Amino acid sequence: TNPSSMQTVTITASYKGTTRTLTVYVYPMPVIKSVSMHPIPLIGGFVGTATVTLQQPAPITTEIAIAENSPYVTIPSPRTLQAGQTLVNIPVYSINPLQDETIGFNARIVGDPAAPKPGTIDLRRSQLTSLSVSLNPISGGKKAVLTVTHNLALPVSRVVSLSSSNPAIASVPA
């Protein structure tokens, strides 16, 4: 049974006149207060963080398991909270989905039969939306500015590969 506070239990074993005792300390099972995801949205190909918060500090070392069922994200599980901790941050690795996806996941305390706490990942497809040039048409020998537009604000700089069908006439930076 799950006690409301730490309980001491003495276990006794007897066999042919020999008795042994053992003291066991039983702590209440921690309860998950909340599950959150950052950033919102998570851009495909980037790493986010799932945060699992307990109602009270873990009384003993506690494992948190996360279950998700998506080909676009991987969440390493289980993760350990040390005694006294109230939250654990778990990396959420993503790949670029074919389209924007809402992915459900569940966090639970390993060994606890209680229902898991649900969370959601708002995963967005990362893609280029336009390519434009400052001068079109342009005279040979002149320079123009290319503008590449992405559908989302990226959290870090990314390299975009450019190529020209005729680099002898119109070259682009490597």
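Each remark here, short or long, concerns the structure printed above.
Cut-offs and rules
- Residues numbered from 1 in each chain as written.
- Predicted model: local features only at pLDDT ≥ 70, side-chain atom pairs only at ≥ 80, totals over all residues.
- Heavy atoms only, no water.
- Helix = DSSP H or I, 4+ residues; strand = E, 2+ residues; numbered from the N terminus.
- Rg over C-alpha atoms; globule rule 2.2 N^0.38 Å.
- Buried < 20%, exposed > 50% of the residue type's maximum accessible area, 1.4 Å probe, protein only.
- Contact = heavy atoms within 4.5 Å.
- Areas by Shrake-Rupley, 256 points an atom, 1.4 Å probe, with all protein chains shown as cover.
- Lys, Arg positive; Asp, Glu negative; His and termini not counted.
- Charge placed at Lys NZ, Arg CZ, Asp CG, Glu CD.
- Polar contact = N/O pair within 3.5 Å; in protein donor to acceptor, adjacent residues only side chain to side chain.
- Salt bridge = Lys/Arg side-chain N within 4 Å of Asp/Glu carboxyl O.
- Pairing = 2+ DSSP bridges.

## As for the overall build of the chain
Within the chain one finds 0 helices and 13 strands. When its helices and strands are written in sequence order, the chain yields β-β-β-β-β-β-β-β-β-β-β-β-β. Taking 174 residues into account, the globule formula puts the C-alpha radius of gyration at 16 Å, and the chain, at 27 Å, lies well above it. Within the chain, the fraction of its 174 residues that count as buried is 23%. Look at the contacts in the chain between residues 6 or more apart in sequence, and 52% of them connect residues 24 or more apart. Carbon and sulfur atoms make up 53% of the accessible area of the chain, which amounts to about 11,700 Å² in all. Positive and negative side-chain charges in the chain, numbering 11 and 6 respectively, have mean positions lying 8 Å apart.

## Some details on the side chain of Thr62
Turning to its location among the elements, Thr62 is positioned in strand 6 (residues 62-68). Separated by 2.8 Å, the side chain of Thr62 and the backbone oxygen of Ile60 make a polar contact.

## Thoughts on the pattern of salt bridges
For the structure shown, the criterion picks out 2 salt bridges. The salt bridge partner of Asp100 is Arg124, with a shortest N-O separation of 3.9 Å. In this pair, Asp100 is assigned in the loop between strand 9 (87-94) and strand 10 (101-109) and Arg124 in strand 11 (residues 117-124), connecting sequence segments 24 residues apart. Note that Asp122 is salt-bridged to Arg124, the shortest N-O span being 3.2 Å.

## With respect to the sheet that holds strand 4 (residues 42-43)
If you trace the 5 strands from one edge of the open sheet to the other, you get 4-11-10-6-8, paired in mixed fashion. The open sheet has two free edges, formed respectively by strand 4 and strand 8 (79-81), since each of these has just one partner strand. With 3 bridges connecting them, strand 6 and strand 8 associate as antiparallel partners. By the bridge assignment for strand 8, Thr62 is matched with Leu81.

## Quick word on the environment of Val24
Inspection of the secondary structure puts Val24 in strand 2 (residues 18-26). For Val24, a relative accessible area of 30% puts it in the partly exposed group. For the pair Val24 and Ile11, spaced 13 residues apart in sequence, the C-alpha to C-alpha distance is 7.3 Å. Those residues in contact with Val24, other than ones at most four positions away along the chain, are Gln7, Thr8, Val9 and Ile11.

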